[in-house]
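Residues per chain are reported as follows:
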Amino acid sequence: MIAIFGHLFDPLTLLAMLAGIALVALFQNGAGSMGRAISALRPLFTADPTRDRDAARAAMLKIDQVAQLRGLACTDRVKTASPFLTDAARKLANCDRTDMFELWAVQTLTDRALRHGAVHKVWLSIADAAPALGMAGTIIGLVGMFAAMDDPAALGPSMALALLTTFYGVVIANIIAAPIAARLADLSERELAWQREAADRMLAIARRENAPLRRASIREVA
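This write-up is about the structure you can find in this document.

Calculation rules
- Residues numbered from 1 in each chain as written.
- Predicted model: local features only at pLDDT ≥ 70, side-chain atom pairs only at ≥ 80, totals over all residues.
- Heavy atoms only, no water.
- 1 Å grid on protein atoms, 1.4 Å probe; cavity = no way out; pocket = protein on both sides within 12 Å on 5 of 7 lines; lining within 4 Å.
- Points joined across faces, edges and corners; volume = space filled by probe spheres on them.
- Helix = DSSP H or I, 4+ residues; strand = E, 2+ residues; numbered from the N terminus.
- Nonpolar A, V, L, I, M, F, W, Y, C, P; charged D, E, K, R; others polar.
- Disulfide = S-S within 2.5 Å.
- Buried < 20%, exposed > 50% of the residue type's maximum accessible area, 1.4 Å probe, protein only.

**Let's talk about the layout of surface pockets**
Part 1 of the argument: Estimates place the volume of the largest pocket at around 870 Å³.
Part 2 of the argument: Residue lining of the largest pocket: 35 residues in total, with P43, R112, H116, E191 and Q195 positioned closest to the centre.
Part 3 of the argument: When residues in the lining of the largest pocket are grouped by element, the largest group, eight residues, is from helix 5 (residues 49-70).
Part 4 of the argument: Of the residues belonging to the lining of the largest pocket, the class tally is 17 nonpolar, nine polar and nine charged.

And the structure:
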């Protein structure tokens, strides 16, 4: 069994496959998206949208309380571990108009969704390119076999190349790239969901606090 697995590992063939797949993904998506796709491997294992959602809801309660007691200008004093919530609270405190905060929230979440989509597309490109390059390697191996029919000793390496490239293509596409793409899509959907929820909650707070009667009552308390 160990010997069989040893035959499945050919460093040069695997390196050639990875290089070809990387080039195809680079041409299709660009260097920026490729870099973000590699960087996304870290949150792939560490991200926890459920934990982030619960923390965001707790922070929103504090922001709501601060807004009611001291007004919107003090909402940025609430400390959060989320960069998005920190930016949103700062924007909420500094925005004079509710529609400006709403515009910022829509643009920020749209840009974030586009970045997530670009990363997802990179891994889908890798999943698509791997079997195609594996098939190309198989064809090259078969051509080598037919070209060396008079030399039985040369048939083995060509047949190994034909089979290994197909094997590597299947493994890279279905065991690595496709599961990563699915996991990243799920994380993106859940992250954007709680961020939209937080933005909607802040927008509701801004509309409430910017009401004329509400502003007058805050000035009286102050």
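**Quick notes on empty space enclosed by the protein**
Part 1 of the argument: Counted according to the given criterion, the structure contains one cavity of 30 Å³ or more.
Part 2 of the argument: In this model, the largest cavity occupies a volume close to 30 Å³.
Part 3 of the argument: Lining the largest cavity we find L72, L92, C95, R97, T98, F101, A206 and N210.
Part 4 of the argument: In the lining of the largest cavity, the residues fall into five nonpolar, two polar and one charged.

**Some thoughts on the state of the cysteines**
Such a bond, covalent and formed between the sulfur atoms of two cysteines, is termed a disulfide.
Part 1 of the argument: All told, the structure shown has zero disulfides when counted by the stated rule.
Part 2 of the argument: Cysteine C74 shares no disulfide, and the gap to the nearest cysteine sulfur, in C95, comes to 15 Å.
Part 3 of the argument: Using a relative accessible area of 15% as the deciding quantity, one classes C95 as buried.

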